Amino acid sequence: GANSIGVPVILKYGSDWMKQEVLPPIIRGETTCCLAISEAYAGSDVAALRTRGVLDAKGENYIVNGTKKWITGGMYADWFVTAVRTGGKAAGGISMMLVPKSDEVQTTVIKSKYSSAAGTAFVTYEDAVVPKRNLFGQEGKGFQIIMSNFNHE
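Small disclaimer: the values here were computed from a predicted structure and weren't measured. (Residues numbered from 1 in each chain as written. Predicted model: local features only at pLDDT ≥ 70, side-chain atom pairs only at ≥ 80, totals over all residues. Heavy atoms only, no water.)

### Brief notes about the environment of Glu-39
Here Glu-39 is to be found in the loop between strand E1 (33-36) and strand E2 (52-55). Note: C-alpha distance between Glu-39 and Ala-83 (44 residues apart in sequence) is 9.9 Å. Once residues lying within four places of it in the same chain are set aside, the contact partners of Glu-39 are Leu-49, Arg-50, Thr-51, Thr-67, Lys-68 and Lys-69. A distance of 2.6 Å separates the side chain of Glu-39 from the backbone nitrogen of Arg-50, its partner in a polar contact. (Helix = DSSP H or I, 4+ residues; strand = E, 2+ residues; numbered from the N terminus. Contact = heavy atoms within 4.5 Å. Polar contact = N/O pair within 3.5 Å; in protein donor to acceptor, adjacent residues only side chain to side chain.)

### Details of the packing of helix H1 (residues 3-13) against helix H2 (residues 16-27)
Running from amino to carboxyl end, H1 crosses H2 at an angle of 160°, the nearest separation of the two axes being 11 Å. In terms of orientation, H1 lies roughly antiparallel with respect to H2. Between H1 and H2 the crossing geometry is left-handed. Each of Asn-3, Val-7, Ile-10 and Leu-11 in H1 lies in contact with H2, whose residues at this interface are Met-18, Lys-19, Val-22, Leu-23 and Ile-26. (Axes fitted to C-alpha atoms, helices over the stretch in contact; angles between N-to-C directions. Parallel < 35°, antiparallel > 145°, perpendicular 65-115°, else oblique. Left-handed = near helix turned anticlockwise from the far one by under 90°.)

### Looking at unusual backbone geometry
At Ala-90, a residue that is not glycine, the phi angle is positive and equals roughly 70°. Following the sequence through the fold, Ala-90 ends up in the loop between strand E4 (79-85) and strand E5 (94-100). By relative accessible area, which is 44% here, Ala-90 ends up partly exposed. Here Asp-127, not a glycine, exhibits a phi torsion of approximately 55°, which is positive. (Buried < 20%, exposed > 50% of the residue type's maximum accessible area, 1.4 Å probe, protein only.)

### Side note on the pattern of salt bridges
Scanning all chains against the criterion turns up three salt bridges. Arg-133 is the salt-bridge partner of Glu-21, the closest N and O atoms lying 3.9 Å from each other. With Glu-21 in helix H2 and Arg-133 in the loop between strand E7 (121-131) and helix H3 (142-150), this pair connects stretches of sequence that are 112 residues apart. Given a relative accessible area of 48%, Glu-21 falls into the partly exposed group. A salt bridge links Arg-28 to Glu-30; its shortest N-O distance comes to 2.9 Å. Using a relative accessible area of 51% as the deciding quantity, one classes Glu-30 as exposed. (Salt bridge = Lys/Arg side-chain N within 4 Å of Asp/Glu carboxyl O.)

See below:
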């Protein structure tokens, strides 16, 4: 399911707090995560994604705005392993962050020809507050994480 796509990013690139606080409830089946990369406007061109993350005035939180489409498990997710543009154009401006489900992260089911059990979703981020510590690695290194994760997906 969706956990098998999102969890490897946490295992390989997540900080210690993610591995200690986020992973155990996922492994116990109490919470879920999904990988949120694809966008309606970018399609399979990951480097063209539009979802943006901008640091707030204090530099403590990213404010994330944008949409993701065809997100497997998005309807059930508590955590979204999300590709976000934090810098300029192309691949070098992409970062990956762990976005918690909140009122600012809304999901809508996408009906598809395959099983509805997949919980495929359209995800909307509207001023979603994401702590800076939720960044995977460094800003601008998200494209490499995405490509690495696609190897097993």
